[in-house]
Amino acid sequence: MIKVCKFGGTSMANAESLRKVKSIIDADASRKYIVVSAPGKREKADIKVTDLLYKCFDEVMETGSCEKTFKIVRKRFTDIAEDLNLTKDFTEIFDETERQINENKDADFTASRGEYLSAILTAEYLGAKFVDSFDLIRFDSKGRLNEEYTNDKVRNKLDGVEFAVIPGFYGKGANGKVKTFSRGGSDITGSIIARGVKADLYENWTDVSGFLVCDPRIVPEAKTIKQLTYKELRELSYMGASVLHSEAIFPVMKSRIPINIKNTFKPEDAGTMIVPSEYHLENAGETVITGIAGKKDFSVIFIEKSLMNAEVGFIRKVLSVVEHHGLCVEHVPSGIDTLSLLIESEQLKDGVLTDIVNEIRENVNPDYVHVIENVSLIATVGHGMARRSGTAAKLFTALANAGINIKMIDQGSSELNIIIGVANSDYEKCIRAIYDAFEE
Ligand code: ASP
């Protein structure tokens, strides 16, 4: 049995949390490969080491040296090392890192040093081998992960290594320099390592006990999701559920390795298991919906034209206007003579919306174009919906009873998801009503 464990920023924040990390690892000999984030916030007002490092980079660019802010970074690490009674002297490593930050003048390199130093320190504390992700993870010239190369490297370099600590968040770019993932990217590193070593389980240790059915700021008593499929997770995290980096599932998904979201501060909680769909169907039990997630601030461009369905190339001509402006369309619900484009309002600022509407008028000569703004999208997600009749009825009855006017409905062809559009002002009320309808 092999487990890859990734510990996030709050788990690495101070000596106390690191002691918890050690006891978790000591409790299970299969926890062999440990991926770590940089130290995060110790309390609400604190600054994450990664943010301090981005500040170091700005300082180097402005003044030629990161001395002032790097002092704070250094202290974060030395405090931890002292509190843990580590006897190793890290001075030389810190000095060398500071020198490289000043010399390289590179944002990715600078930001990556949080994970680098965190992994060196943790390896020392746990008595494990430090293996640098710079030697494991490769990107291609377009900045995408070079999967095959990376898999081979991970397999070869970790073969025969019984216990290792690996820094998250970065790898080697095609130009031979350090390259980071986007923020929160250590989750992706953990997934890559899990795939490379053919782990049985990828444990992602964070500061919450898994995914909740919906946002606890709206429904304080929201339950934890026990089991979620990769696909359900995609839908939920795309719509704003943010416990795990949205790209972290891809490496493990290819090898069908489950992910367990666990809480370092409550290790006894089962957390959320993220599993392949085929596994889920056997164990699904009675749950109909798995989660509810949503995003505010969309605009709907509603287009009507008689006999639109008979006009060859109509949809392409409409979409080419949006493409020409370099914008992403989230959904395209359509009727016989109607077509709506749902776009994030943020993308339509500064006159872009007016330009698009005018160009659509010129391009396809519609009978009518109308824009609705301040729309929220809410996704109700669950494989259980496909097996059950009456889910949609229950959902829409709940919304009708709550007096919510639905502006758009889109049910994905996978029957995994019903997305509705409502006014921003109904967003919270809508999530509450759906939760109450299915989780009573
Ligand atoms: N330390 C990085 C960040 O704050 C990456 C991570 O923690 O996953 O975004």
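For the structure, check the block above.
All of these numbers come straight from a predicted model, not from anything done at the bench.

Criteria and thresholds
- All residue numbers here refer to positions counted from 1 along the written sequence of the relevant chain.
- Under the rules for a predicted model, residues below a pLDDT of 70 receive no local features and side-chain atom pairs below 80 are neither given nor counted, while totals for whole chains, interfaces and linings still include all residues.
- Excluded from the side-chain calculations are hydrogens and water; all other atoms, namely the structure's heavy atoms, are used.
- Only heavy atoms are used to decide nearness, and a residue is near a molecule or strand if one of them lies within 4 Å of it.
- The definition of a polar contact used here is a pair of N or O atoms within 3.5 Å, where within protein one atom must be able to donate a hydrogen and the other to accept one, and adjacent residues in sequence count solely through side-chain atom pairs.
- Each accessible area is a Shrake-Rupley result for a 1.4 Å probe, and residues are judged covered by the shown protein chains and nothing else.
- Here the term cavity refers to a set of points on a 1 Å grid, laid over the protein atoms alone, in which a 1.4 Å probe fits but cannot get out; the term pocket refers to an open set having protein on both sides within 12 Å along at least five of seven lines, with lining residues being those that place an atom within 4 Å of a point.
- A pocket or cavity is taken to hold a molecule when more than half of that molecule's atoms are within 2 Å of the pocket's grid points.
- Here, nonpolar core refers to any group of buried Ala, Val, Leu, Ile, Met, Phe, Trp, Tyr and Cys residues whose side-chain atoms link them within 4.5 Å.
- Throughout, exposure labels follow a simple rule: accessible area from a 1.4 Å probe, protein chains only, divided by the maximum for the residue type, with under 20% read as buried, over 50% as exposed, and the rest as partly exposed.
- A helix here means a DSSP run of H or I that spans at least four residues, while a strand means a run of E at least two residues long, and both kinds are numbered starting from the N terminus.
- Residues are treated as being in contact if the distance between any of their heavy atoms lies within 4.5 Å.
- A pair of strands is treated as paired once DSSP finds two or more bridges between them.
- Interaxial angles span 0 to 180 degrees and are taken between N-to-C directions of axes, which are lines fitted to C-alpha atoms, for helices over the stretch in contact.
- Here a salt bridge means any side-chain nitrogen of Lys or Arg lying within 4 Å of a carboxyl oxygen belonging to Asp or Glu.
- Any two rings among Phe, Tyr and Trp, with Trp reduced to its six-membered ring, count as a pair given centres within 6.5 Å; such a pair is stacked if its planes are under 30 degrees apart, edge-to-face if over 60, and tilted if neither.
- Two conditions define a charge located above a ring, namely a distance within 6 Å from the ring centre to NZ of Lys or CZ of Arg, and an angle within 35 degrees of the ring normal.
- Should an angle fall under 35 degrees it is taken as roughly parallel, and over 145 as roughly antiparallel, whereas 65 to 115 is taken as roughly perpendicular and any remaining angle as oblique.
- For any pair of crossing helices, the crossing counts as left-handed if the nearer helix is rotated counterclockwise from the farther one by less than a right angle, and right-handed if it is rotated clockwise.

Taken together, the neighbourhood of the ligand is formed by Ser 37, Thr 50, Glu 115, Phe 169, Arg 183, Gly 184, Gly 185 and Ser 186. Taking Thr 50, its side chain carries an N or O atom lying 2.7 Å from a nitrogen atom of the ligand. Coverage of the ligand by the protein amounts to 91% of the 270 Å² it exposes when considered alone. Judged by the fraction of its atoms near the pocket grid, the ligand is located in the largest pocket.

With that settled, consider the nonpolar core. One finds Val 4, Leu 158, Ile 193, Leu 244, Ile 274, Ile 292 and Ile 378 to be the most contacted residues of the largest nonpolar core, which totals 71 residues. Take this core: its biggest share by element is eight residues, from helix α15 (residues 427–438). When neighbours within four sequence positions are excluded, Val 4 is seen to be in contact with Tyr 33, Val 35, Gly 190, Ile 193, Ala 194, Val 197, Ala 199, Leu 201, Tyr 202 and Glu 203. Core analysis: the next-biggest nonpolar cluster, separate from the first, contains 41 residues, Leu 53, Val 60, Ala 119 and Tyr 170 among them.

Moving on: the sheet that holds strand β8 (residues 227–229). Taken together, the eight strands give an open sheet; going across it, the order is β3-β4-β2-β1-β7-β9-β10-β8, and neighbouring strands pair in mixed fashion. Unpaired on one side and paired on the other, β3 (129–130) and β8 mark the two borders of the sheet. By the bridge criterion, five bridges tie strand β1 (residues 3–7) to strand β7 (residues 201–206) in an arrangement that is parallel. The partner of Cys 5 across the bridge, within β7, is Glu 203. Sheet contacts for helix α5 (residues 107–126): β2 (31–36), β3 and β4 (164–167); angle to β4, the most-contacted strand, approximately 170 degrees. Against the sheet, helix α8 (residues 230–238) makes contact with β8 and β10 (272–275), and its axis sits at roughly 85 degrees relative to β8, the strand it touches most.

What follows concerns the pattern of salt bridges. The full count for this structure, using the stated rule, is 28 salt bridges. For the salt bridge of Glu 203 with Arg 31, the shortest nitrogen-to-oxygen distance reads 2.7 Å. Here the residue Glu 203 occupies a position in strand β7, and Arg 31 occupies one in strand β2, the gap between them amounting to 172 residues. Both residues of the pair, Glu 203 and Arg 31, belong to the buried class. Ionic pairing is found between Lys 32 and Glu 162, a salt bridge with its closest N-O pair at 3.9 Å. One end of the pair, Lys 32, is in strand β2; the other, Glu 162, is in the loop between α6 (147–158) and β4, with 130 residues separating them in the sequence. Overall, the relative accessible area of 18% leaves Lys 32 in the buried class. Each of Lys 3, Asp 28, Arg 31 and Glu 203 takes part in salt bridges that share partners, so that together they form one network.

Next up on the list: the packing of aromatic side chains. The relation between two aromatic rings is expressed through the spacing of the ring centres and the mutual angle of the planes. One pass over the structure, following the stated rule, counts six aromatic pairs. Ring geometry for Phe 139 versus Phe 181: centroids 5.2 Å apart, planes at 65 degrees, classification edge-to-face. Highlighted residues: Phe 139 in the loop between β3 and α6 and Phe 181 in the loop between β6 (178–180) and α7 (186–196), separated in sequence by 42 residues. For the pair Phe 139 and Phe 181, a shared accessibility class is recorded, and that class is buried. Pairing Phe 302 with Tyr 368 gives two aromatic rings, centres 6.3 Å apart and planes at 75 degrees, and the pair type is edge-to-face. One end of the pair, Phe 302, is in strand β11 (residues 291–304); the other, Tyr 368, is in strand β13 (residues 368–381), with 66 residues separating them in the sequence. On the basis of relative accessible area, Tyr 368 is assigned to the partly exposed category, the value being 41%. Above the face of the Tyr 116 ring, Arg 113 is positioned so that its terminal group lies 4.1 Å from the ring centre.

With that settled, consider the sheet that holds β11. Taken in spatial order, the five strands of this open sheet run β12-β11-β13-β15-β14, and their pairing is antiparallel. Two strands lie at the open edges of the sheet, namely β12 (338–344) and β14 (406–411), each paired on one side alone. Averaged over all pairs of adjacent strands, the angle between strand axes in this sheet comes to 35 degrees, irrespective of strand direction. Sheet topology places β11 next to β13; eleven bridges connect them, and they run antiparallel.

Between helix α14 (residues 391–401) and α15, the shortest axis-to-axis distance is 9 Å and the interhelical angle comes to 130 degrees. Judged by the inter-axis angle, α14 sits oblique to α15. For α14 against α15, the interelement crossing comes out right-handed. Listed contacts from α15 to Thr 391, Lys 394, Leu 395, Ala 398 and Leu 399 of α14 are Cys 430, Ala 433, Ile 434, Ala 437 and Phe 438.

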